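Listed below are the residues making up each chain.
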Amino acid sequence: MRSMAAAEVVAERAAGQAGQAGVVQVTLRHTGRLNAMSRAMWQQLRAVFKDIQRSHEARCVLIEGEGAAFCAGGDISEYPGFRFDAAALREFHEGDVWGGLSAMLDCDVPIVAHITGACMGAGVEIASCCDVRVAHAGARFGAPIARLGFPMAPREAQLVAGAVGEVIARQMLLEAATFGADEMFARGFLSRVVAGAEEARAEALASACRIAALAPGAARLNKQTLRALKSVQQGPQATDHPPGHTLPDPYAYADSAEHREGITAFLEKRPPVF
């Protein structure tokens, strides 16, 4: 009989803690299962990031797994209930999984990932949606689903290949290969690798705080620009975002209070207040 393990994606605002105003901490939590993603967790991930996108207070997201792992993949114990029916399987990947991932990709608030332990399958997909990735030196990465007898869904494969590189993606999917943090850093997937577990978490939080202290409007515009440019580069056949992801007037911020404050503060030789 299946145990009633706590499985949830939770968001907590760090406002009130010194230097952490505007940071939203998102935690993947699946007790006893290395934070493997259940269907409910995918749906919660979507809801959490939709809420963050609507927020006027959120300036940066720090996403991490609870305990010693980031996310070990999907909750395989649920799979017999839907994976053997094509329509149900499509709904899982196109509805639940892509619903969560696309909400992250569409989020204009910068996302920092703190990665420790296992980052497999679904974990690599979630990490691929982040802007900055800080990992503990002992983290491991892969998508060994070939051992389970199924391929990665097309949009998820495109997302991962775009983030880790096609060579690594092919090894992950075809060889069921796994990689250490140092190699993923060398391949450009990770922003930083930190030796100590506590130090890695502290560095990820510091990165989120640095971002949150800067101009939030500019950060959102930067993410919109990068998303639009990626859509153009991929062309009309791109599957992660439709071609309709175009920018509004990219210079409409000219008279914004944030823009004026940044320039004025520099000229007055004082820190800006955003």
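All figures in this text were calculated on a predicted structure; none of them were measured in a lab. (Residues numbered from 1 in each chain as written. Predicted model: local features only at pLDDT ≥ 70, side-chain atom pairs only at ≥ 80, totals over all residues. Heavy atoms only, no water.)

**Student:** How do you make sense of the sheet that holds strand β4 (residues 111–115) when you look at a structure like this?
**Tutor:** Sheets are built from strands paired through backbone hydrogen bonds, the pairs being either parallel or antiparallel. With mixed pairing, the six strands of this open sheet are ordered in space as β1-β2-β3-β4-β6-β9. Here the strands that pair on one side only, and so sit at the sheet edges, are β1 (7–13) and β9 (192–194). Taking the axes of each pair of neighbouring strands and ignoring which way they run, one obtains an average angle of 20 degrees across the sheet. Looking at chain direction, β4 and strand β6 (residues 132–136) are connected through four bridges and run parallel. Opposite Val112, over in β6, you have Val132 as the bridge partner. (Pairing = 2+ DSSP bridges. Helix = DSSP H or I, 4+ residues; strand = E, 2+ residues; numbered from the N terminus. Axes fitted to C-alpha atoms, helices over the stretch in contact; angles between N-to-C directions.)

**Student:** Help me understand the side chain of Ser38, please; the structure alone is not making it clear to me.
**Tutor:** Along the chain, Ser38 falls in the loop between β2 (23–30) and α1 (39–54). Those residues in contact with Ser38, other than ones at most four positions away along the chain, are Ala7, His30, Asp75 and Glu78. (Contact = heavy atoms within 4.5 Å.)

**Student:** How should the packing of helix α2 (residues 86–105) against helix α4 (residues 154–164) be read in this particular structure?
**Tutor:** The angle between the axes and the distance between the axes are what describe a pair of packed helices. Axis separation between α2 and α4 bottoms out at 10 Å; the angle between their running directions is 30 degrees. Judged by the angle between their axes, α2 and α4 are roughly parallel. Taken as a pair, α2 and α4 cross one another with a handedness that is left-handed. Counting all contacts with α2, which are made through His93, Glu94, Val97, Trp98, Leu101 and Leu105, the residues of α4 involved are Arg155, Glu156 and Leu159. When the residues that make up the contact of α2 with α4 are grouped by side-chain class, the tally is five nonpolar, one polar and three charged. (Parallel < 35°, antiparallel > 145°, perpendicular 65-115°, else oblique. Left-handed = near helix turned anticlockwise from the far one by under 90°. Nonpolar A, V, L, I, M, F, W, Y, C, P; charged D, E, K, R; others polar.)

**Student:** Teacher, can you tell me more about the side chain of Thr116 here?
**Tutor:** Looking at the secondary structure, you find Thr116 in the loop between β4 and β5 (118–120). Given a relative accessible area of 12%, Thr116 falls into the buried group. (Buried < 20%, exposed > 50% of the residue type's maximum accessible area, 1.4 Å probe, protein only.)

**Student:** So what exactly am I meant to see when it comes to the packing of aromatic side chains here?
**Tutor:** Geometrically, a pair of aromatic rings is defined through the distance of the ring centres and the angle of the planes. For the coordinates displayed, the defined rule picks out five aromatic pairs. Aromatic side chains Tyr79 and Phe92 sit 6.3 Å apart centroid to centroid with 65 degrees between the ring planes, which places their arrangement in the edge-to-face category. Note that Tyr79 is positioned in the loop between β3 (60–65) and α2 and Phe92 in helix α2, a separation of 13 residues in sequence. Owing to a relative accessible area of 4%, Phe92 belongs among the buried residues under this scheme. Through pairs of rings, three or more aromatic residues link up here, namely Tyr79, Phe82, Phe92 and Phe150. Positioned over the ring face of Phe82 is Arg39, at 4.5 Å from the centre of the ring. Directly above the aromatic system of Phe150 lies the positively charged group of Arg83, at a separation of 3.8 Å from the ring centroid. (Phe/Tyr/Trp six-rings, centres within 6.5 Å; stacked < 30°, edge-to-face > 60°. Lys NZ or Arg CZ within 6 Å of the ring centre and 35° of its normal.)

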